[in-house]
Amino acid sequence: MRLNPGFDLRLAAFTLGLLAAFAVSAAPDLPNVRVIATGGTIAGAQASAGDYGYKSGTYDVNTLIGAVPNLDKLADITGEQVVNIGSQDMNDEVWLKLAKSVAAAQASADVDAIVIMHGTDTLEETSYFLSLVTQGTKPVVMVGSMRPATAISADGPGNIYNGVAVAVSPEAGGKGTLVSLNDEFHYARNVVKTNTTSLQTFESINRGPAGLVHTGTVAWFEPMNKKLGKATGFDVAKLDKLPRVDVIYAHANMSADLIEAAVKNGAKGLVIAGVGDGNMTTPALDACKKAAAAGVVVVRSTRLPAGLVLRNNEVNDDEMGFVASGELNPPKSRVLLQLALTQTKDPKRIQEMFYEF
Ligand code: ASP
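Residues numbered from 1 in each chain as written. Predicted model: local features only at pLDDT ≥ 70, side-chain atom pairs only at ≥ 80, totals over all residues. Heavy atoms only, no water.

## Observations concerning the site of the ligand
Next, step 1: Residues in close proximity to the ligand include Gly-40, Thr-41, Tyr-54, Ser-56, Gly-86, Ser-87, Gln-88, Gly-119, Thr-120, Asp-121 and Ser-145, which together make up its full environment.
Next, step 2: Thr-41 has a polar side-chain atom sitting 2.9 Å from an oxygen atom of the ligand.
Next, step 3: For the ligand, a nitrogen atom lies 2.8 Å from a polar atom in the side chain of Gln-88.
Next, step 4: Protein contact buries 93% of the 260 Å² of open area that the ligand shows by itself. (Near = heavy atom within 4 Å. Polar contact = N/O pair within 3.5 Å; in protein donor to acceptor, adjacent residues only side chain to side chain. Areas by Shrake-Rupley, 256 points an atom, 1.4 Å probe, with all protein chains shown as cover.)

Below you can see the structure in the form of structure tokens.
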């Protein structure tokens, strides 16, 4: 018997539907990724396509996830918005809130890996902070972008896609926080922003990237030999604030004024972005010595982009009671010193932390 054409079509559609349903149920389970958004240029919009300027933190997490082609083939994604700000406004309060969100995702049976969208300006600080305080070992990958979401050739969607690919790659767990942009990914401890506008701005200057990621294919290079997460002993779960630490930039003719003002305003720690190997003028050095004697922890870092700040080189750290930052630049030294001060004011113990973390 010949069925009418309309029925034929309905039968074909029904059969296809059954096949599709079977294909879906037979497909392997995708990993569950929690995408946490905090704003930044990756969520930014221009007022019009021809505008150079833009506003960070305009779009919400679900809009941004929805704009990434094929992301649903890599992972089952759930979004969470923690704040929606330019990362130039990042502060201790948001860090602690973010750490709690990451801790909740680490503890959730419904989450296999975490991706965090963040502005690029302070990404090197937030990533190091999270790397030091996150207790779980599920992967945490941070992504950002240099061009707003509305730009011609926006880099955000590609960076989100690659960030998720790194997060679900089998080797990503237990590596602390990773930062993935422009086809590279880096350990939080090493990565710094090096260029004001270029897409190729994040670099691990002293060490090189942790690996490369190209359209979702991940290659790992470098192991990480520093302590992170639980091994640091830092636990911010119950904290609602962090000690004040100021960074002071050294230069020719530097006076003691800003150092004295920082101490007077309640800084518990100072990081000097020193000249050369963490150096500064004699008046500045004297002010730091006085601050250290009064119980303020002084870390000597450098304003230079590469190299180590070595202990007792031109400055006698033993005599002055200072800490040498080693590989850590001023913003990262500030993060570690804030966390260190939640446990101790002893410069010797803090020096060990700078070597080990
Ligand atoms: N000012 C922006 C931010 O850090 C820059 C960016 O995301 O690239 O939020």
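There's plenty left to go through after this.
## Let's talk about the pairing of strand 11 (residues 245–249)
Next, step 1: In this sheet, strand 12 (residues 269–274) lies alongside strand 11 in parallel orientation, the contact comprising five bridges. Within strand 12, the position partnered with Ile-248 by the bridge is Ile-272.
Next, step 2: Taking the sense of rotation as the criterion, the β-α-β connection linking strand 11, helix 7 (residues 257–264) and strand 12 turns out right-handed. (Pairing = 2+ DSSP bridges. Helix = DSSP H or I, 4+ residues; strand = E, 2+ residues; numbered from the N terminus. Right-handed = clockwise from strand over helix to strand, strands pointing away.)

## What to know about the environment of Leu-339
Next, step 1: Relative to the assigned elements, Leu-339 resides in helix 10 (residues 330–340).
Next, step 2: Of the residues examined, Leu-339 reaches a relative accessible area of 0% and is grouped as buried.
Next, step 3: In this structure the C-alpha to C-alpha distance between Leu-339 and Pro-31, which are 308 residues apart in sequence, comes to 32 Å. (Buried < 20%, exposed > 50% of the residue type's maximum accessible area, 1.4 Å probe, protein only.)

## What about the nonpolar core?
Next, step 1: Counting 45 residues, the largest nonpolar core has Ile-116, Phe-129, Leu-132, Leu-337 and Leu-339 as its most contacted members.
Next, step 2: No other element matches the seven residues that helix 4 (residues 92–107) contributes to this core. (Core = buried A, V, L, I, M, F, W, Y, C linked by side-chain atoms within 4.5 Å.)

## Focus: the sheet that holds strand 6 (residues 184–187)
Next, step 1: If you trace the eight strands from one edge of the open sheet to the other, you get 2-1-3-4-5-6-9-10, paired in mixed fashion. Bordering the open sheet on either side are strand 2 (76–85) and strand 10 (217–220), each of which pairs with just one other strand. Each strand of the sheet is rotated relative to its neighbour by a mean of 20°, with strand direction disregarded.
Next, step 2: Of the strand pairs in this sheet, strand 4 (residues 140–143) and strand 5 (residues 177–181) are connected by four bridges, and their pairing is parallel. Note that in strand 5 the partner of Val-143 across the bridge is Ser-180.
Next, step 3: With respect to the sheet, helix 5 (residues 123–133) is in contact with strand 3 (113–117), strand 4 and strand 5, its orientation differing from that of strand 5 by roughly 150°. (Axes fitted to C-alpha atoms, helices over the stretch in contact; angles between N-to-C directions. Contact = heavy atoms within 4.5 Å.)

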